[in-house]
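# Structural overview for review
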Amino acid sequence: MTHKKLPENLHRDTLAVRTAVDKSQYGENSEALYLTSSFVQPDAATAVRRFANEEEGYVYSRFSNPTVSSMEQRLAAMEGTEACIGTSSGMAAILLMCMGLLKSGDHVICSQSVFGSTIRLIGGEFAKFGVESTFVSQTDVAQWKAAVKPNTKLLFAETPTNPLTEVCDIRALADVAHAAGALLAVDNCFCSPALSQPVTLGADLVIHSGTKYLDGQGRVIAGAICGPKKLIDEKLVPIMRSAGMTLSPFNAWVVLKGLETLSIRMQAQSANALALATWLEAQPGVARVYYPGLKSHPQHALAMQQQTLNGQGCGGAVVSFDLKGLDADSARKNAFHVIDSTQVCSITSNLGDTKTTVTHPATTSHGRLTEAQRQAAGIGQGLIRVAVGLEHIDDLKADLARGLDSLK
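Residues numbered from 1 in each chain as written. Predicted model: local features only at pLDDT ≥ 70, side-chain atom pairs only at ≥ 80, totals over all residues. Heavy atoms only, no water.

A cluster of nonpolar side chains, namely Leu33, Leu35 and Phe250, defines an oily patch on the protein surface of about 280 Å² accessible area. For leucine 33, the location among the structural elements is in the loop between helix 1 (12-18) and helix 2 (44-51). The class of leucine 33 is partly exposed, set by a relative accessible area of 30%. (Patch = residues over 30% accessible without salt bridge, like charges linked within 9 Å, V, L, I, M, F, W, Y side chains within 5 Å. Areas by Shrake-Rupley, 256 points an atom, 1.4 Å probe, with all protein chains shown as cover. Salt bridge = Lys/Arg side-chain N within 4 Å of Asp/Glu carboxyl O. Helix = DSSP H or I, 4+ residues; strand = E, 2+ residues; numbered from the N terminus. Buried < 20%, exposed > 50% of the residue type's maximum accessible area, 1.4 Å probe, protein only.)

Now for the nonpolar core. Ranked by internal contacts, the top residues of the largest apolar core, which has 33 residues, are Met71, Leu75, Tyr213, Val255, Leu259 and Leu262. In this structure valine 255 touches Met71, Gly210, Leu214, Asp215, Val220 and Ala222, once residues within four positions along its chain are discounted. Membership of the second largest hydrophobic core comes to 31 residues, among which are Met97, Phe156, Leu231 and Leu369. (Core = buried A, V, L, I, M, F, W, Y, C linked by side-chain atoms within 4.5 Å. Contact = heavy atoms within 4.5 Å.)

On to unusual backbone geometry, then. For the peptide bond that leads from threonine 159 to proline 160, omega is -10 degrees, which places it in the cis range. If you trace the backbone, proline 160 turns up in the loop between strand 4 (152-158) and helix 7 (170-179). Of the consecutive residues asparagine 162 and proline 163, the connecting peptide bond is found in the cis state with omega at 10 degrees. Mapped onto the secondary structure, proline 163 falls in the loop between strand 4 and helix 7. A positive phi angle, close to 65 degrees, is found at serine 192, a residue other than glycine. Along the chain, the position of serine 192 falls in helix 8 (residues 192-195). A residue is classified by how much of its surface remains accessible, and serine 192, at 0% relative accessible area, is buried.

By the definition in use, this model includes 3 aromatic pairs. Between phenylalanine 39 and tyrosine 58, the ring centres sit 5.7 Å apart and the planes meet at 40 degrees, which makes this aromatic pair tilted. Of this pair, phenylalanine 39 sits in the loop between helix 1 and helix 2 while tyrosine 58 sits in the loop between helix 2 and helix 3 (66-79); the two residues are 19 residues apart in sequence, bridging distant segments of the chain. With a centroid separation of 6.4 Å and an interplanar angle of 55 degrees, the aromatic rings of tyrosine 60 and phenylalanine 63 are classed as tilted. Under the relative-accessibility criterion, tyrosine 60 is labelled partly exposed at 36%. (Phe/Tyr/Trp six-rings, centres within 6.5 Å; stacked < 30°, edge-to-face > 60°.)

This next bit is on helix 11 (residues 262-281). Helical geometry: 3.6 residues make up each α-helical turn, so side chains three or four residues apart lie on a common side. Look at helix 11: 28 Å from first C-alpha to last across 20 residues, which is about the 28 Å you get at 1.5 Å a residue. Taken as a whole, helix 11 has its buried residues at Leu262, Ser263, Arg265, Met266, Gln269, Ser270, Asn272, Ala273, Leu276, Ala277, Trp279 and Leu280. (Expected span 1.5 Å × (residues − 1).)

Turning next to the pattern of salt bridges. Taken as a whole, this structure holds 14 salt bridges when the rule is applied. Its salt-bridge partner being glutamate 371, residue arginine 374 comes within 3.0 Å of it at the nearest N-O pair. You can see arginine 374 and its partner glutamate 371 sitting in helix 14 (residues 371-377), 3 residues apart, about one turn around the helix. Note that arginine 402 is salt-bridged to aspartate 399, the shortest N-O span being 2.6 Å. With a gap of 3 residues between them, arginine 402 and aspartate 399 both fall in helix 15 (residues 393-404), about one helical turn apart. Salt bridges sharing partners connect three or more residues here, namely Glu31, Arg74, Lys257 and Glu260.

Moving on, we get to the sheet that holds strand 5 (residues 183-187). One open sheet holds the 7 strands; their spatial order is 1-7-6-5-4-2-3, and the pairing between them is mixed. Strand pairing shows two members of the sheet lacking a second neighbour, strand 1 (83-87) and strand 3 (132-136), which therefore form its edges. Geometrically, the sheet is characterised by an average inter-axis angle of 20 degrees between neighbouring strands, direction not taken into account. Pairing of strand 4 with strand 5, which is carried by 5 bridges, proceeds in the parallel orientation. Counted as the bridge partner of leucine 154 is leucine 183 from strand 5. Helix 3 contacts strand 1, strand 6 (205-209) and strand 7 (223-227) of the sheet and is inclined by roughly 130 degrees relative to strand 1. (Pairing = 2+ DSSP bridges. Axes fitted to C-alpha atoms, helices over the stretch in contact; angles between N-to-C directions.)

By secondary structure assignment, the location of proline 238 is in helix 9 (residues 229-243). The partly exposed category is assigned to proline 238, whose relative accessible area is 38%. Considered as a pair, proline 238 and phenylalanine 63 are 175 residues apart in the sequence and their alpha carbons are 8.9 Å apart. Those residues in contact with proline 238, other than ones at most four positions away along the chain, are Ile232 and Asp233.

Here it is in structure tokens:
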């Protein structure tokens, strides 16, 4: 059938609904799900050309599938990058990036406040293969500059961070990276392209856990890397073909459909989060609230510049807060009491769902870190993270109040 070409300069919300590979001969309006491991070639000579990347065409779903391509094209369009490569998870995306860009003797500078598994992967697993790493303050640009070495190849940050919502200055870190001849990669999981496009601020690569807001309903595991086409084609695709951190067609299709409602979900969930964060600040048992949308947040002004939705600054949908306690043990006991008292929130470490989730980071997402690493990241035993969903805000307040009001 004849395919319409999308016009230039479409808005992100339109790209989120319309960008995809061409329709099949059947003219389906909803993108097709290609559940196949391989693709039949018209003849042996064509198979040779396609396997050698001399001719475009799908050959094997470990590294090429139309449904995955649709998701990749849509996410790249929303992020404003030339290309995207889907992966089996967010951590697989970071693994693929590091394998493609780093070798023994190279050096990585990473925020000390990133997700616990990221710290373990970069600081632990890659150290086995001779990759050096330095972990620095997320917000202190001077520390990033001071950590640069002649062999520095990559700077990596997530913004806002999980779970303390620290916001880094993307443009400033891009300048540090590029002055050193290195690349800057930004994990955009918390904001998603609905709120932030890191490449517009100088980032080279954007990492996603599609498990979170891109899917948005807690259904599948997925990941992605967005960036320059040349870098992805030459550095990352060959590793994907060999190592197979492959995004399944079904999971790609779920994320593809999730992207269609990303903007309106983020708008509603962020509004809920701001209301909840404001309410939490007034609760007597709460020592501190971490949320970029609050004026009390140390990087509030920066966040309102870097994170926007419909032209307005937006704090995102994740709120964390510290409970008061005489010591670490009592703070942890209080945190468990509040979490266990909930009847609406789901006690799970996932985030980005339409259902509000609540977790204790020190014993879940960051439980594999050493106590010294947790302290460096500012994660105490009284910290609770709430990833705010689409429930009525009054019900969420009442659910947390059930535990907060009964603290001893």
